Amino acid sequence: MEVRVRYAPSPTGLQHIGGVRTALFNYLFARSQGGKFILRLEDTDRTRFDEAFVQNLYDTFAWLGIHWDEGPDVGGPFGPYVQSERFALYKEYAEELVTLGKAYYCFCSEERLERIRKEREESHSSESGYDRHCRSLDPAEAQRRARAGEPHVIRLKIPLGEVTRFHDHLLGDIEWKNDDVNPDPVLLKSDGFPTYHLANVVDDHLMGITHVLRAQEWIPSTPLHVIMYRAFGWEHPEYCHLPMVMGQDGKKLSKRHGATSIDEFRRQGYLPEALINYVALLGASYEEGKDLYTLEELARSFSLDKLNKAPATFDYKKLEWYNGQYIRMKGDEDLARESLPFAKESGLFGSPGKDPTEAQWQRYVAAMPLVKERANYLPEIPQKLGYLFAEPPLPAKEEFVPKKGDLATAVVMLERLRSLLPQMVSQSEAESEEMVKTYCEKEQIKMGDLMMPLRVAITGSRVSPPLFGSMRLLGLEVCTQRLERSLSYLKA
Ligand code: GLU
Ligand code: ZN
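The notes below deal with the structure included here.

## Digging into the overall build of the protein
Okay, step 1: Within the protein one finds 19 helices and eleven strands.
Okay, step 2: Against the compact-globule benchmark of 23 Å for 492 residues, the protein has a radius of gyration of 32 Å, which places it well outside the compact range.
Okay, step 3: Projected onto its principal axes, the C-alpha positions of the protein cover 105 × 45 × 40 Å.
Okay, step 4: Within the protein, the fraction of its 492 residues that count as buried is 50%.

## Looking at helix 1 (residues 17–33)
For the α-helix, the turn length of 3.6 residues means that residues three or four positions removed from each other point alike.
Okay, step 1: For helix 1, with 17 residues, the first-to-last C-alpha span of 24 Å sits near the 24 Å given by 1.5 Å per residue.
Okay, step 2: In terms of burial, helix 1 is largely enclosed, as 13 of its 17 residues are buried.
Okay, step 3: A positive backbone phi angle near 65° is found at Gly-34, which sits one or two residues after helix 1.

## Describing the pairing of strand 2 (residues 36–39)
Okay, step 1: Summarising the sheet, strand 1 (residues 4–7) and strand 2 pair through four bridges and their orientation is parallel. Bridge pairing in strand 2 places Arg-6 opposite Ile-38.

## Considering the layout of surface pockets
Okay, step 1: If you add up the space inside the largest pocket, you get close to 1,000 Å³.
Okay, step 2: In terms of lining, the largest pocket is formed by 41 residues, of which the most central are His-16, Gly-19, Ala-215, Glu-217 and Trp-218.
Okay, step 3: Of all elements in the fold, only strand 1, helix 1, helix 6 (196–206) and strand 8 (211–215) reach the threshold of two or more residues within the lining of the largest pocket.
Okay, step 4: Looking at the lining of the largest pocket, the element that brings in the most residues is helix 1, giving five residues.

The rules behind each value
Starting afresh in each chain, residues are numbered from 1 along the sequence in its written order. Chain labels run from A onward and ligand labels from 1 onward, assigned in the order the entries are written. This being a predicted model, a pLDDT of at least 70 is required before a residue's local features are given, and a value of 80 or more before pairs of side-chain atoms are given or counted; all residues contribute to the totals for chains, interfaces and linings. Computation of side-chain values: all heavy atoms of the structure, hydrogens and water removed. Under the scheme used here, helices are H or I runs from DSSP no shorter than 4 residues and strands are E runs no shorter than 2 residues, and both carry numbers assigned from the N terminus. Both definitions apply: the radius of gyration is a C-alpha atom measure, and the globule rule equals 2.2 Å times residues to the power 0.38. Any residue under 20% of the maximum accessible area for its type is buried, any over 50% is exposed, and the rest in between are partly exposed; the area is computed with a 1.4 Å probe on protein chains only. Multiplying 1.5 Å by the residue count of a helix minus one yields the expected span of that helix. Strands qualify as paired when DSSP identifies two bridges or more between them. Residues are called lining when one of their atoms sits within 4 Å of a cavity or pocket point, these points coming from a 1 Å grid over the protein atoms alone, where a cavity is a set in which a 1.4 Å probe fits but cannot get out and a pocket is an open set with protein on both sides within 12 Å along at least five of seven lines. Grid points are joined across faces, edges and corners, and a volume is the space filled by probe spheres set on the points.

Right, dumping it as structure tokens:
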């Protein structure tokens, strides 16, 4: 049997960590089984629907590099894959359940339902939901009223006094007393729109879905779905409710903990590889003693048997570590390209939004080795490199002063450095290290005393990316000019 799984988001919000984890696990499971991964848009809730959320969904998964085999944009043999384009179908199936005696017409008005809610509240009744008022209507009579155009909904007739059992791949056997299941939920609304339950079950069946991997918050709906499958006389798919994702305080991951929408992570300078790698570990394990996985490696070793029952904890520090790792693994040109939007935005090439000239681009690429080892987020890259593209502002004079020295020491050191500059910019960084070391030993001076004023003169700051590498990129003319500028500034 071919495995067919789906990601079935409702486009009522931005794509966030939880949704992406669900999509990713479905994707990995399909890949690991040689099966199909399907995208289905569950847009039955038209009041909360927004086209922008659909666009966000496509953008997010394109950025992550996760593709589906069937879906609204790529088509497939079971389409349409958008529920709002299937409304006629759901009505037919709801009517079929009525004919089978498994569902019934309910003519209760909003006012009546509201009155019951109020009465129960006032009498502190423990009952909730629909009171099954129309369940006992004579079917022929109900049929006649519906045909005559009386407004109605269709409700599922939950068999009372029974127990619904199903198996969850992760959680084991689950039992639910039917009397505790949502009392006779609406399947079809009075405007003919389906509810989530009806559309979800009908589509999973018609689309040949074999496994439902979804968040644990859907467990209370599952007995209801199982009851519907049985009412139709269909097999239900295998269920696997995924482990919860918590913040570090043990509460469900939410805005309070930090970024949760993928857009935000993207804006903060995370790489898609890092997010995928980290999210794939939320509730699942792969190989022993390995942290870094490509999407292909994850797909190869993903297994439902290696899911954890315990909730997963989302650790922003850990994600940062992953991001740093992937930044270090990138080739220079790649890293330059990925960080370019942040560089442009920061005005690195002249003014905010400006593209680099060819020469600036070459320099930017060449500067990647200077920052790769220390950056954990993409925006840090241009932040660290400003002095390579513009003369840095002169800092306060004290900044030039080496430890235990004074302004005079700084001046003397910079004067001594004049003769060393030509070599520093032409030879390799290792050769420059060596040269400075030998020079300092011979002259009996501390290396820090010599280098600190130079670093400040060249980069404008006491902390900077590796100095010799930077000087090689800037060239002799610029380095000399910055050194002289600092000298006249300090002497003035
Ligand atoms: N449309 C539901 C959601 O927004 C789908 C749940 C399910 O996978 O059955 O998550
Ligand atoms: Zn009713």
